[in-house]
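# An overview of the molecular structure
These are the residues of each chain, in order.
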Amino acid sequence: MAGELHMTPGLSDTLTILGAAGIVIPAFARFRISPIIGFILVGILAGPFGLGQYVERYPWLDAITITDPPSIAPFAEFGIILLLFAIGLELSFRRLVKMRREVFGIGAAELLLGAMLIGGGLLVMGNSLSAAMVLGLALAMSSTALVIPIAGTTSPAGKAAFSMLLFEDLALVPLLFLFASLGGRADPDGLLTVVWQGALVIAVMLVAGRLVLPPLFAQAARTKSPELFLAVSLLTVIVASLATSGVGLSPILGALVAGILIAETEYHSEVEVVTAPLRGLALGVFLITVGMSLD
């Protein structure tokens with residue numbers, strides 16, 4: 001029929017997420033509860049293991065459930081990237097140098113001791129040594145997107161948590177190589193290739209960032225256009241994430257480096273303000289996907 005509006009699954013899921021954000025953020029803020037819990041609960045309720053399993057029986061539930069979870073996965077990954085970008089905006093190279101003992105001391109101790117405790121328990125339960133090692137290391141890893149919004153990065157607990165998470169991000173590539181080695185599928189030259197290419201890419205990012213970003217953001221500031229400022233910020237974090245992921249490193253490492261580079265400029269406060277709404281929404285999408293995965 002002419003003029004009839006057909007709502008596609010993608011549009012329906014988008015409206016569900018936006019509606020959830022409009023309800024969760026102010027409601028949980030009123031009771032001084034982290035909206036993280038609210039977004040995860042929305043994911044459980046609106047996901048395929050919640051109300052989504054009753055859509056065929058009650059078609060009207062289609063309007064308030066997420067019917068195509070894979071379609072929102074890229075937005076969830078973008079939320080994690082923006083979160084690490086925001087963390088980088090709060091850092092500087094001087095602060096990172098001061099944190100080196102925490103990162104390689106507390107961070108390494110947390111990962112290794114946690115893996116030993118979990119792996120020891122798995123050995124007692126009858127698992128093989130290789131299985132206990134792999135599962136112990138995997139289960140000792142933490143979720144940056146869940147921990148940082150709760151702990152922050154300024155309090156003593158937040159600083160310690162960030163040090164642990166940063167070490168885990170740096171250890172991810174060697175751990176993946178270790179897992180492949182235990183499975184007999186590792187390329188001995190693969191890790192060395194990732195290391196030298198990753199070091200080269202980060203070095204280029206550091207040099208280019210110091211030369212290009214200050215005049216680029218200065219030009220954006222002269223236009224007095226928040227949209228242009230946001231576009232330049234997103235372009236920076238996307239290019240940095242693509243560069244690190246292209247050589248086998250985590251894209252969130254590139255986002256972190258991009259944030260640190262912008263933190264060294266005089267425009268970091270403006271970037272933090274213009275990216276905050278998008279960052280909060282994208283992180284909410286990620287948390288909803290966490291809830292949707294729970295059966």
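Here is what the cut-offs are and how they apply
Residues numbered from 1 in each chain as written. Predicted model: local features only at pLDDT ≥ 70, side-chain atom pairs only at ≥ 80, totals over all residues. Heavy atoms only, no water. Axes fitted to C-alpha atoms, helices over the stretch in contact; angles between N-to-C directions. Helix = DSSP H or I, 4+ residues; strand = E, 2+ residues; numbered from the N terminus. Parallel < 35°, antiparallel > 145°, perpendicular 65-115°, else oblique. Left-handed = near helix turned anticlockwise from the far one by under 90°. Contact = heavy atoms within 4.5 Å. Nonpolar A, V, L, I, M, F, W, Y, C, P; charged D, E, K, R; others polar. Core = buried A, V, L, I, M, F, W, Y, C linked by side-chain atoms within 4.5 Å. Buried < 20%, exposed > 50% of the residue type's maximum accessible area, 1.4 Å probe, protein only. pLDDT = per-residue confidence, 0-100. Phe/Tyr/Trp six-rings, centres within 6.5 Å; stacked < 30°, edge-to-face > 60°.

### Observations regarding the packing of helix 5 (residues 100–124) against helix 6 (residues 129–140)
Interaxial distance between helix 5 and helix 6 falls to 7 Å at its minimum, and their mutual angle equals 135 degrees. Considering the angle they form, helix 5 stands oblique to helix 6. Taken as a pair, helix 5 and helix 6 cross one another with a handedness that is right-handed. Here Glu110, Leu111, Gly114, Ala115, Ile118, Gly119, Leu122 and Leu123 of helix 5 lie close against helix 6, whose contacting residues are Leu129, Ala132, Leu135, Gly136, Leu137, Leu139 and Ala140. Residue composition of the contact of helix 5 with helix 6, by class: 11 nonpolar, 3 polar and 1 charged.

### As for the nonpolar core
If you look at the biggest cluster of nonpolar residues, it comprises 68 residues, and the most contacted ones within it are Leu84, Phe85, Ile87, Phe162, Phe217 and Leu256. Residue contacts for Phe85: discarding those within four places in its chain leaves Ser233, Val237, Ala255, Ala258, Gly259, Ile262, Val271 and Thr275.

### Observations regarding the confidence of the model for the protein chain
In this model, the protein chain carries an average pLDDT of 81, and 92% of its residues clear a pLDDT of 70 or more. No element of the protein chain has a lower mean pLDDT than helix 1 (residues 9–30), at 74, and none a higher one than helix 5, at 90. Residue range residues 1–5 is modelled with pLDDT below 50. Its contacts to residues more than four positions away, or to other chains, number 0 contacts.

### A look at the packing of aromatic side chains
By the definition in use, this model includes 4 aromatic pairs. Look at Phe229 and Tyr267: their rings are 6.2 Å apart centre to centre, the planes differ by 65 degrees, and that puts the pair in the edge-to-face class. On the criterion of sequence distance, the pair formed by Phe229 in helix 10 (residues 226–246) and Tyr267 in the loop between helix 11 (251–263) and helix 12 (268–292) is long-range, its members being 38 residues apart. Exposure class is identical for Phe229 and Tyr267. Each is buried. By the ring-pair criterion, three or more aromatic residues cluster together here, those being Phe217, Phe229 and Tyr267.

### Examining the environment of Thr289
Topologically, Thr289 is positioned in helix 12. Here Thr289 falls in the buried class, since its relative accessible area comes to 19%. C-alpha separation for the pair Thr289 and Leu249, spaced 40 residues apart in sequence, amounts to 23 Å. Beyond its immediate sequence surroundings of up to four residues, Thr289 is in contact with Ile72 and Ala76.

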